[in-house]
Amino acid sequence: MHLTRFLRFPQQSLAHLIDHYAKYPPTGLTMKRIVEFAREGDAKQSYLFLRNELPVRLASMMKEMGHLPPRLLEMPSVKTVNGWYGTSLTELHTFKELPATGDSVKKFTEVLQNIRKRHSTVIETLAQGYMEFSDQAAIKEYEESQIQYFLNRFYLSRISIRLLIYQHTMCFGEEVPIHPTHLGFVDPNCLVEEIIKDAFENAQFLCEGYYLTAPPLELRKINAVNAEEPIAIAYVPSHLYHIMFELFKNSMRATVEHAESKKISTPLPPVVVDVVKAKEDLTIRISDRGGGIPRSKADKIFRYMYSTAPRPVSLVDSQHSGPTPLAGFGYGLPISRLYARYFNGDLEIHSIDGYGTDAYIYLQAVEDQASEWLPICNRAAYEYYVSRKYQSDWTKKK
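Residues numbered from 1 in each chain as written. Predicted model: local features only at pLDDT ≥ 70, side-chain atom pairs only at ≥ 80, totals over all residues. Heavy atoms only, no water.

- Per an unreviewed UniProt entry, the protein carries the name Protein-serine/threonine kinase and comes from Adineta steineri.
- Per UniProt, the protein has the following entry under Subcellular location (unreviewed entry): "Mitochondrion matrix".
- The heading Sequence similarities (unreviewed entry) in the UniProt record of the protein holds the text "Belongs to the PDK/BCKDK protein kinase family." (UniProt positions renumbered as here; feature names shortened; annotations may be inferred.)

As C-alpha coordinates, this is what we get:
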(Lines give C-alpha, C1' and ligand atoms only; values in the text may rest on other atoms or scores of the structure.)
Protein backbone atom coordinates (compact mmCIF):
# COMPACT_ATOMS: atom_id res chain seq x y z
CA MET A 1 0.00 0.00 0.00
CA HIS A 2 1.09 3.58 -0.61
CA LEU A 3 0.65 4.43 3.08
CA THR A 4 2.96 1.57 4.06
CA ARG A 5 5.63 2.90 1.73
CA PHE A 6 5.21 6.34 3.30
CA LEU A 7 5.65 4.98 6.81
CA ARG A 8 8.93 3.38 5.73
CA PHE A 9 10.14 6.60 4.14
CA PRO A 10 12.79 8.23 6.40
CA GLN A 11 11.10 10.91 8.46
CA GLN A 12 14.12 13.18 8.12
CA SER A 13 13.93 12.93 4.33
CA LEU A 14 10.24 13.78 4.33
CA ALA A 15 10.90 16.78 6.55
CA HIS A 16 13.59 17.86 4.08
CA LEU A 17 11.11 17.60 1.21
CA ILE A 18 8.56 19.67 3.10
CA ASP A 19 11.11 22.38 3.90
CA HIS A 20 12.39 22.40 0.32
CA TYR A 21 9.03 22.84 -1.41
CA ALA A 22 7.36 25.00 1.25
CA LYS A 23 9.90 27.79 0.76
CA TYR A 24 8.45 28.50 -2.70
CA PRO A 25 5.22 30.49 -3.14
CA PRO A 26 2.45 28.90 -5.22
CA THR A 27 2.05 30.08 -8.81
CA GLY A 28 -1.47 31.51 -8.97
CA LEU A 29 -3.40 31.11 -12.21
CA THR A 30 -6.23 33.14 -13.70
CA MET A 31 -9.37 31.68 -15.19
CA LYS A 32 -8.25 33.10 -18.54
CA ARG A 33 -4.95 31.23 -18.35
CA ILE A 34 -6.65 27.98 -17.34
CA VAL A 35 -9.09 28.21 -20.25
CA GLU A 36 -6.37 29.11 -22.75
CA PHE A 37 -4.13 26.25 -21.62
CA ALA A 38 -7.00 23.76 -21.83
CA ARG A 39 -7.46 24.82 -25.47
CA GLU A 40 -3.85 25.22 -26.57
CA GLY A 41 -1.61 23.41 -24.06
CA ASP A 42 -0.41 19.82 -24.12
CA ALA A 43 0.16 17.04 -21.63
CA LYS A 44 3.94 17.51 -21.44
CA GLN A 45 3.63 21.21 -20.59
CA SER A 46 1.07 20.37 -17.92
CA TYR A 47 3.36 17.68 -16.52
CA LEU A 48 6.34 20.04 -16.28
CA PHE A 49 4.24 22.63 -14.43
CA LEU A 50 2.38 20.31 -12.06
CA ARG A 51 5.37 18.19 -10.99
CA ASN A 52 6.70 21.32 -9.26
CA GLU A 53 3.50 23.20 -8.43
CA LEU A 54 1.57 20.42 -6.71
CA PRO A 55 4.42 19.57 -4.26
CA VAL A 56 4.66 23.27 -3.37
CA ARG A 57 0.98 23.42 -2.45
CA LEU A 58 1.04 20.12 -0.57
CA ALA A 59 4.22 20.93 1.36
CA SER A 60 3.00 24.40 2.33
CA MET A 61 -0.03 22.94 4.10
CA MET A 62 2.03 20.21 5.77
CA LYS A 63 4.41 22.87 7.03
CA GLU A 64 1.55 24.91 8.47
CA MET A 65 -0.07 21.84 9.97
CA GLY A 66 3.03 21.39 12.05
CA HIS A 67 2.23 24.65 13.89
CA LEU A 68 -1.18 23.45 15.10
CA PRO A 69 -1.72 22.59 18.79
CA PRO A 70 0.38 19.47 19.53
CA ARG A 71 -2.59 17.71 21.11
CA LEU A 72 -4.57 18.10 17.87
CA LEU A 73 -1.71 16.65 15.82
CA GLU A 74 -1.85 13.51 17.98
CA MET A 75 -5.47 12.78 17.04
CA PRO A 76 -5.70 9.61 14.89
CA SER A 77 -7.70 11.25 12.09
CA VAL A 78 -5.28 14.19 11.83
CA LYS A 79 -2.38 11.74 11.65
CA THR A 80 -4.20 9.95 8.84
CA VAL A 81 -4.57 13.14 6.79
CA ASN A 82 -0.94 14.07 7.43
CA GLY A 83 0.04 10.61 6.23
CA TRP A 84 -1.95 11.00 3.01
CA TYR A 85 -0.26 14.31 2.28
CA GLY A 86 3.17 12.86 3.00
CA THR A 87 2.55 9.90 0.70
CA SER A 88 1.34 12.15 -2.12
CA LEU A 89 4.28 14.52 -1.72
CA THR A 90 6.86 11.71 -1.90
CA GLU A 91 5.14 10.18 -4.94
CA LEU A 92 5.15 13.50 -6.81
CA HIS A 93 8.78 14.12 -5.90
CA THR A 94 9.83 10.99 -7.79
CA PHE A 95 9.02 12.84 -11.04
CA LYS A 96 11.21 15.86 -10.24
CA GLU A 97 14.05 14.86 -12.56
CA LEU A 98 12.15 12.68 -15.04
CA PRO A 99 12.00 14.09 -18.59
CA ALA A 100 8.62 14.78 -20.16
CA THR A 101 8.36 11.57 -22.16
CA GLY A 102 5.11 9.90 -23.06
CA ASP A 103 5.73 7.15 -20.51
CA SER A 104 6.52 9.48 -17.61
CA VAL A 105 3.51 11.68 -18.41
CA LYS A 106 1.26 8.60 -18.44
CA LYS A 107 2.60 7.40 -15.08
CA PHE A 108 2.26 10.92 -13.67
CA THR A 109 -1.39 11.06 -14.75
CA GLU A 110 -2.03 7.73 -13.02
CA VAL A 111 -0.41 9.04 -9.83
CA LEU A 112 -2.63 12.13 -9.94
CA GLN A 113 -5.72 9.94 -10.20
CA ASN A 114 -4.56 7.92 -7.19
CA ILE A 115 -3.84 11.08 -5.20
CA ARG A 116 -7.34 12.38 -5.90
CA LYS A 117 -8.86 9.12 -4.70
CA ARG A 118 -6.63 9.04 -1.62
CA HIS A 119 -7.64 12.58 -0.65
CA SER A 120 -11.35 12.17 -1.42
CA THR A 121 -12.38 12.12 2.26
CA VAL A 122 -9.89 14.67 3.60
CA ILE A 123 -12.61 17.11 4.72
CA GLU A 124 -14.58 14.49 6.62
CA THR A 125 -11.48 12.90 8.16
CA LEU A 126 -10.02 16.19 9.34
CA ALA A 127 -13.43 17.12 10.74
CA GLN A 128 -13.35 13.84 12.64
CA GLY A 129 -9.97 14.84 14.05
CA TYR A 130 -11.45 18.14 15.22
CA MET A 131 -14.24 16.20 16.96
CA GLU A 132 -11.71 13.88 18.63
CA PHE A 133 -9.76 16.93 19.80
CA SER A 134 -12.81 18.72 21.23
CA ASP A 135 -14.10 15.57 22.92
CA GLN A 136 -10.80 14.98 24.69
CA ALA A 137 -10.64 18.35 26.47
CA ALA A 138 -11.90 21.91 26.25
CA ILE A 139 -10.38 23.91 23.39
CA LYS A 140 -8.59 27.07 24.46
CA GLU A 141 -9.47 30.34 22.74
CA TYR A 142 -6.08 30.73 21.08
CA GLU A 143 -6.20 27.10 19.90
CA GLU A 144 -9.60 27.71 18.32
CA SER A 145 -8.26 30.76 16.46
CA GLN A 146 -5.27 28.80 15.20
CA ILE A 147 -7.46 25.95 13.97
CA GLN A 148 -10.00 28.18 12.21
CA TYR A 149 -7.16 30.10 10.53
CA PHE A 150 -5.49 26.88 9.40
CA LEU A 151 -8.66 25.20 8.13
CA ASN A 152 -9.52 28.14 5.88
CA ARG A 153 -6.06 28.02 4.34
CA PHE A 154 -5.90 24.23 4.19
CA TYR A 155 -9.27 23.74 2.51
CA LEU A 156 -8.67 26.58 0.06
CA SER A 157 -5.39 24.95 -0.90
CA ARG A 158 -7.21 21.64 -1.27
CA ILE A 159 -9.73 23.21 -3.65
CA SER A 160 -6.88 24.50 -5.79
CA ILE A 161 -5.03 21.17 -5.81
CA ARG A 162 -8.14 19.27 -6.86
CA LEU A 163 -8.79 21.72 -9.69
CA LEU A 164 -5.26 21.36 -11.05
CA ILE A 165 -5.48 17.57 -10.88
CA TYR A 166 -8.88 17.47 -12.56
CA GLN A 167 -7.71 19.82 -15.30
CA HIS A 168 -4.80 17.56 -16.13
CA THR A 169 -6.62 14.22 -15.95
CA MET A 170 -9.63 15.47 -17.92
CA CYS A 171 -7.74 17.45 -20.56
CA PHE A 172 -4.82 15.06 -21.08
CA GLY A 173 -5.89 11.77 -19.50
CA GLU A 174 -8.58 9.25 -20.28
CA GLU A 175 -11.23 10.90 -18.11
CA VAL A 176 -14.02 12.59 -20.02
CA PRO A 177 -15.35 16.03 -18.99
CA ILE A 178 -18.85 16.02 -17.52
CA HIS A 179 -20.20 18.02 -20.48
CA PRO A 180 -18.92 18.12 -24.10
CA THR A 181 -18.52 21.92 -23.97
CA HIS A 182 -16.40 21.85 -20.79
CA LEU A 183 -12.65 22.33 -20.97
CA GLY A 184 -11.63 19.81 -18.36
CA PHE A 185 -13.24 20.82 -15.07
CA VAL A 186 -14.02 24.34 -16.30
CA ASP A 187 -16.92 25.59 -18.40
CA PRO A 188 -15.87 28.62 -20.49
CA ASN A 189 -19.55 29.50 -20.89
CA CYS A 190 -21.11 28.47 -17.58
CA LEU A 191 -24.85 29.19 -17.73
CA VAL A 192 -25.57 30.47 -14.26
CA GLU A 193 -29.35 30.09 -14.43
CA GLU A 194 -29.08 26.37 -15.19
CA ILE A 195 -26.78 25.77 -12.22
CA ILE A 196 -29.12 27.70 -9.91
CA LYS A 197 -32.20 25.77 -11.02
CA ASP A 198 -30.41 22.43 -10.72
CA ALA A 199 -29.18 23.20 -7.21
CA PHE A 200 -32.61 24.45 -6.15
CA GLU A 201 -34.43 21.38 -7.45
CA ASN A 202 -32.08 19.01 -5.63
CA ALA A 203 -32.30 20.99 -2.39
CA GLN A 204 -36.08 21.14 -2.77
CA PHE A 205 -36.21 17.35 -3.18
CA LEU A 206 -34.33 16.89 0.11
CA CYS A 207 -36.49 19.46 1.88
CA GLU A 208 -39.74 17.84 0.75
CA GLY A 209 -38.45 14.42 1.78
CA TYR A 210 -37.76 15.67 5.31
CA TYR A 211 -40.49 18.27 5.91
CA LEU A 212 -43.06 17.14 3.29
CA THR A 213 -43.03 20.69 1.93
CA ALA A 214 -40.60 23.23 0.51
CA PRO A 215 -40.72 26.89 -0.55
CA PRO A 216 -40.87 27.72 -4.25
CA LEU A 217 -38.20 29.56 -6.24
CA GLU A 218 -38.57 33.08 -7.60
CA LEU A 219 -35.72 33.79 -10.02
CA ARG A 220 -35.03 37.26 -11.41
CA LYS A 221 -32.24 38.02 -13.89
CA ILE A 222 -30.57 41.16 -15.21
CA ASN A 223 -27.76 41.11 -17.75
CA ALA A 224 -26.47 44.67 -17.56
CA VAL A 225 -23.86 43.95 -20.25
CA ASN A 226 -26.19 42.56 -22.92
CA ALA A 227 -29.84 42.15 -22.03
CA GLU A 228 -30.40 39.78 -24.97
CA GLU A 229 -27.86 37.19 -23.86
CA PRO A 230 -28.17 34.58 -21.10
CA ILE A 231 -26.00 35.20 -18.05
CA ALA A 232 -22.80 33.19 -18.37
CA ILE A 233 -19.17 33.38 -17.21
CA ALA A 234 -16.11 31.17 -17.36
CA TYR A 235 -16.28 29.21 -14.13
CA VAL A 236 -16.15 25.81 -12.45
CA PRO A 237 -19.78 24.56 -12.52
CA SER A 238 -19.33 22.19 -9.57
CA HIS A 239 -18.06 25.06 -7.39
CA LEU A 240 -21.07 27.25 -8.14
CA TYR A 241 -23.42 24.30 -7.65
CA HIS A 242 -21.90 23.56 -4.24
CA ILE A 243 -22.37 27.17 -3.10
CA MET A 244 -25.96 27.40 -4.32
CA PHE A 245 -26.97 23.98 -2.98
CA GLU A 246 -25.68 24.76 0.52
CA LEU A 247 -27.37 28.15 0.61
CA PHE A 248 -30.65 26.76 -0.69
CA LYS A 249 -30.65 24.01 1.95
CA ASN A 250 -30.18 26.62 4.67
CA SER A 251 -32.86 28.92 3.28
CA MET A 252 -35.42 26.14 2.84
CA ARG A 253 -34.85 24.69 6.27
CA ALA A 254 -35.14 28.13 7.89
CA THR A 255 -38.27 29.01 5.89
CA VAL A 256 -40.10 25.79 6.76
CA GLU A 257 -39.13 25.76 10.44
CA HIS A 258 -39.94 29.47 10.87
CA ALA A 259 -43.38 28.94 9.33
CA GLU A 260 -44.00 25.96 11.61
CA SER A 261 -42.92 27.91 14.69
CA LYS A 262 -45.34 30.70 13.77
CA LYS A 263 -48.04 28.16 12.83
CA ILE A 264 -48.38 29.76 9.40
CA SER A 265 -50.70 27.66 7.24
CA THR A 266 -50.58 29.85 4.13
CA PRO A 267 -48.24 28.93 1.25
CA LEU A 268 -44.59 29.27 2.17
CA PRO A 269 -42.90 32.48 0.99
CA PRO A 270 -40.57 31.85 -1.95
CA VAL A 271 -36.80 31.86 -1.90
CA VAL A 272 -36.02 34.83 -4.12
CA VAL A 273 -32.86 34.78 -6.23
CA ASP A 274 -31.57 37.84 -8.09
CA VAL A 275 -28.79 37.34 -10.64
CA VAL A 276 -27.07 40.41 -12.07
CA LYS A 277 -24.15 40.41 -14.48
CA ALA A 278 -22.24 43.67 -14.86
CA LYS A 279 -18.97 44.46 -16.65
CA GLU A 280 -16.81 43.35 -13.70
CA ASP A 281 -18.97 41.35 -11.32
CA LEU A 282 -21.62 38.69 -11.37
CA THR A 283 -23.73 38.97 -8.22
CA ILE A 284 -26.25 36.46 -6.92
CA ARG A 285 -28.51 37.35 -4.00
CA ILE A 286 -30.55 34.67 -2.24
CA SER A 287 -33.31 36.09 -0.02
CA ASP A 288 -35.51 34.09 2.31
CA ARG A 289 -38.06 34.81 5.01
CA GLY A 290 -36.85 32.16 7.41
CA GLY A 291 -36.77 34.28 10.55
CA GLY A 292 -33.21 35.54 10.20
CA ILE A 293 -30.15 35.03 12.36
CA PRO A 294 -29.65 36.79 15.71
CA ARG A 295 -26.51 38.88 16.00
CA SER A 296 -25.28 36.64 18.81
CA LYS A 297 -24.90 33.84 16.24
CA ALA A 298 -23.95 35.90 13.17
CA ASP A 299 -20.21 35.75 13.94
CA LYS A 300 -20.33 31.97 14.28
CA ILE A 301 -21.90 30.93 10.99
CA PHE A 302 -18.57 30.80 9.16
CA ARG A 303 -16.85 28.80 11.89
CA TYR A 304 -16.08 25.17 11.24
CA MET A 305 -17.98 22.80 13.51
CA TYR A 306 -20.72 25.35 14.17
CA SER A 307 -24.08 23.91 13.17
CA THR A 308 -27.64 23.77 14.42
CA ALA A 309 -28.10 20.35 12.78
CA PRO A 310 -27.63 17.11 14.76
CA ARG A 311 -24.02 16.02 15.16
CA PRO A 312 -23.12 13.37 12.54
CA VAL A 313 -22.05 9.82 13.27
CA SER A 314 -18.35 9.24 13.90
CA LEU A 315 -16.17 7.97 11.10
CA VAL A 316 -15.00 5.20 13.41
CA ASP A 317 -18.54 3.98 14.12
CA SER A 318 -18.57 0.33 13.05
CA GLN A 319 -22.25 0.60 12.10
CA HIS A 320 -21.56 3.46 9.72
CA SER A 321 -20.83 2.82 6.05
CA GLY A 322 -19.71 5.41 3.56
CA PRO A 323 -18.31 8.89 4.19
CA THR A 324 -19.61 10.97 7.04
CA PRO A 325 -22.04 13.62 5.73
CA LEU A 326 -21.07 17.28 5.97
CA ALA A 327 -24.44 18.18 7.47
CA GLY A 328 -23.90 18.61 11.15
CA PHE A 329 -20.19 19.36 10.87
CA GLY A 330 -20.95 23.02 10.21
CA TYR A 331 -18.78 22.98 7.11
CA GLY A 332 -21.38 24.04 4.55
CA LEU A 333 -21.05 27.82 4.81
CA PRO A 334 -17.30 28.14 5.46
CA ILE A 335 -16.44 25.79 2.57
CA SER A 336 -18.92 27.58 0.30
CA ARG A 337 -17.26 30.90 1.09
CA LEU A 338 -13.88 29.41 0.16
CA TYR A 339 -15.27 28.25 -3.19
CA ALA A 340 -16.53 31.78 -3.84
CA ARG A 341 -13.24 33.38 -2.76
CA TYR A 342 -11.03 30.95 -4.67
CA PHE A 343 -11.30 32.91 -7.92
CA ASN A 344 -11.33 36.33 -6.27
CA GLY A 345 -15.03 36.39 -5.39
CA ASP A 346 -16.77 36.34 -2.03
CA LEU A 347 -19.78 35.21 -0.02
CA GLU A 348 -21.48 37.45 2.52
CA ILE A 349 -24.47 36.85 4.79
CA HIS A 350 -26.71 39.70 5.95
CA SER A 351 -29.69 38.99 8.17
CA ILE A 352 -32.63 40.65 9.89
CA ASP A 353 -33.43 38.79 13.08
CA GLY A 354 -37.12 37.88 13.13
CA TYR A 355 -37.58 38.30 9.37
CA GLY A 356 -35.09 36.68 6.99
CA THR A 357 -31.62 36.41 5.53
CA ASP A 358 -29.87 37.60 2.38
CA ALA A 359 -26.82 35.77 1.05
CA TYR A 360 -24.67 37.58 -1.52
CA ILE A 361 -22.36 35.68 -3.86
CA TYR A 362 -19.84 37.78 -5.76
CA LEU A 363 -17.99 36.26 -8.72
CA GLN A 364 -15.55 37.78 -11.19
CA ALA A 365 -17.11 38.26 -14.62
CA VAL A 366 -13.77 39.10 -16.29
CA GLU A 367 -11.59 36.04 -16.91
CA ASP A 368 -8.20 37.68 -16.35
CA GLN A 369 -9.46 39.20 -13.07
CA ALA A 370 -10.62 35.81 -11.77
CA SER A 371 -7.28 34.84 -10.22
CA GLU A 372 -6.57 32.09 -7.71
CA TRP A 373 -6.58 33.29 -4.11
CA LEU A 374 -4.02 31.05 -2.42
CA PRO A 375 -2.38 30.84 1.01
CA ILE A 376 1.35 31.54 1.17
CA CYS A 377 3.46 29.74 3.75
CA ASN A 378 5.60 32.68 4.86
CA ARG A 379 6.73 34.42 8.04
CA ALA A 380 3.42 36.27 8.43
CA ALA A 381 1.57 32.95 8.56
CA TYR A 382 4.11 31.52 11.00
CA GLU A 383 3.76 34.51 13.32
CA TYR A 384 0.00 34.00 13.41
CA TYR A 385 0.47 30.51 14.79
CA VAL A 386 3.16 31.31 17.35
CA SER A 387 1.74 34.60 18.65
CA ARG A 388 -1.42 35.05 20.67
CA LYS A 389 -2.20 38.56 19.54
CA TYR A 390 -5.71 37.46 18.60
CA GLN A 391 -6.66 37.03 22.25
CA SER A 392 -9.30 39.54 23.23
CA ASP A 393 -8.18 42.89 24.65
CA TRP A 394 -11.76 44.12 25.19
CA THR A 395 -13.95 43.74 28.24
CA LYS A 396 -16.95 42.55 26.24
CA LYS A 397 -16.82 38.87 25.32
CA LYS A 398 -17.43 37.90 21.75
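1. Here we look at the pairing of strand β6 (residues 346–352)
Across a regular strand the side chains alternate sides, sitting on one face of the sheet and then on the other.
Inference 1: Relative to strand β7 (residues 356–364), β6 runs antiparallel, the two being bridged by seven bridges. Within β7, the residue paired with D346 across the bridge is Y362.
Inference 2: From the end of β6 to the start of β7, which pair antiparallel, there are three residues, and G354 there has a positive phi angle of about 95 degrees. (Pairing = 2+ DSSP bridges. Helix = DSSP H or I, 4+ residues; strand = E, 2+ residues; numbered from the N terminus.)

2. Concerning the packing of aromatic side chains
Inference 1: On inspection of all chains with the given rule, the structure shows 20 aromatic pairs.
Inference 2: Arranged with centres 4.9 Å apart and planes meeting at 70 degrees, the rings of Y304 and Y331 form a pair that is edge-to-face. One end of the pair, Y304, is in the loop between α12 (295–298) and α13 (332–342); the other, Y331, is in the loop between α12 and α13, with 27 residues separating them in the sequence. Exposure class is identical for Y304 and Y331. Each is buried.
Inference 3: Three or more aromatic residues joined by ring pairs make a cluster, and in this case those are Y85, F150, F154, Y155, Y304 and Y331.
Inference 4: When the ring centre of F302 is taken as reference, the NZ or CZ atom of R337 above it lies at 4.0 Å. (Phe/Tyr/Trp six-rings, centres within 6.5 Å; stacked < 30°, edge-to-face > 60°. Buried < 20%, exposed > 50% of the residue type's maximum accessible area, 1.4 Å probe, protein only. Lys NZ or Arg CZ within 6 Å of the ring centre and 35° of its normal.)

3. Re the environment of N202
Inference 1: Examined against the element boundaries, N202 turns out to sit in helix α10 (residues 192–211).
Inference 2: We classify N202 as partly exposed; its relative accessible area is 32%.
Inference 3: Here the alpha-carbon distance between N202 and F245, two residues 43 residues apart in the chain, equals 7.6 Å.
Inference 4: Beyond its immediate stretch of four places on either side in the chain, N202 contacts Y241 and F245.
Inference 5: There is a polar contact of 2.8 Å between the side chain of N202 and the side chain of Y241. (Contact = heavy atoms within 4.5 Å. Polar contact = N/O pair within 3.5 Å; in protein donor to acceptor, adjacent residues only side chain to side chain.)

4. Points about empty space enclosed by the protein
Inference 1: For the structure on display, the rule yields three cavities of 30 Å³ or more.
Inference 2: By volume, the largest cavity is sized at about 80 Å³.
Inference 3: Every residue along the wall of the largest cavity is listed here: L68, L72, V78, L126, G129, Y130, I147, F150 and L151.
Inference 4: Where the lining of the largest cavity is concerned, the elements lending two or more residues are α8 (122–136) and α9 (141–172).
Inference 5: When the residues that make up the lining of the largest cavity are grouped by side-chain class, the tally is eight nonpolar, one polar and no charged.
Inference 6: Taken as a whole, the second largest cavity encloses approximately 60 Å³ of empty space.
Inference 7: If you go around the second largest cavity, the residues you meet are Y85, I115, R116, H119, R158, I161, R162 and I165.
Inference 8: Of the residues assigned to the lining of the second largest cavity, the class counts are four nonpolar, one polar and three charged. (1 Å grid on protein atoms, 1.4 Å probe; cavity = no way out; pocket = protein on both sides within 12 Å on 5 of 7 lines; lining within 4 Å. Points joined across faces, edges and corners; volume = space filled by probe spheres on them. Nonpolar A, V, L, I, M, F, W, Y, C, P; charged D, E, K, R; others polar.)

5. Considering the confidence of the model for the protein
Inference 1: For the protein, per-residue confidence averages 89 on the pLDDT scale, and residues scoring 70 or more make up 88% of the total.
Inference 2: Low confidence marks residues 1–8, where pLDDT is under 50. Its contacts with residues over four positions away, or in another chain, come to 11 contacts.
Inference 3: Here residues 314–327 is modelled with pLDDT under 50, and outside its nearest four sequence neighbours on either side it reaches 21 contacts, counting other chains as well. (pLDDT = per-residue confidence, 0-100.)

6. Some points on the environment of C190
Inference 1: Mapping C190 onto the fold places it in strand β1 (residues 187–191).
Inference 2: In this structure C190 comes out as buried when scored by relative accessible area, which is 1%.
Inference 3: A C-alpha to C-alpha distance of 9.5 Å links C190 and L240, two positions 50 residues apart in sequence.
Inference 4: Among residues more than four places away in sequence, those in contact with C190 are I195, I231, A232, I233, Y235 and P237.

7. Some words on unusual backbone geometry
Inference 1: A positive phi angle, near 70 degrees, is found at L212, a position not held by glycine.
Inference 2: Phi at N344 is positive, roughly 65 degrees, even though this residue is not glycine.
Inference 3: Considering the arrangement of structural elements, one finds N344 in the loop between α13 and β6.

8. Some remarks on the pattern of salt bridges
Inference 1: As enumerated under the stated definition, the model contains 18 salt bridges in all.
Inference 2: Between E372 and R57 there is a salt bridge; the shortest N-O distance is 3.1 Å. Of the two residues, E372 sits in the loop between β7 and α14 (379–386) while R57 sits in helix α4 (residues 43–65), which places them 315 residues apart along the sequence.
Inference 3: On the basis of relative accessible area, E372 is assigned to the buried category, the value being 9%.
Inference 4: The class for R57 is buried, based on a relative accessible area of 3%.
Inference 5: The partner of R71 in a salt bridge is E143, with the nearest N and O atoms 4.0 Å apart. With R71 in helix α5 (residues 70–73) and E143 in helix α9, the pair connects residues that are 72 residues apart, well separated along the chain. (Salt bridge = Lys/Arg side-chain N within 4 Å of Asp/Glu carboxyl O.)

9. So, the sheet that holds strand β2 (residues 217–223)
Inference 1: If you walk across this open sheet you meet the five strands as β2-β4-β5-β7-β6, and the pairing is mixed. Here the strands that pair on one side only, and so sit at the sheet edges, are β2 and β6. Across the sheet, the axes of successive neighbouring strands diverge by a mean angle of 15 degrees, strand direction being ignored.
Inference 2: The sheet contacts of helix α11 (residues 237–261) involve β2, β4 (271–277), β5 (281–288), β6 and β7, and relative to β5 the element is tilted by about 20 degrees.
Inference 3: The sheet strands contacting α13 are β6 and β7, and the helix crosses β6 at an angle near 135 degrees. (Axes fitted to C-alpha atoms, helices over the stretch in contact; angles between N-to-C directions.)

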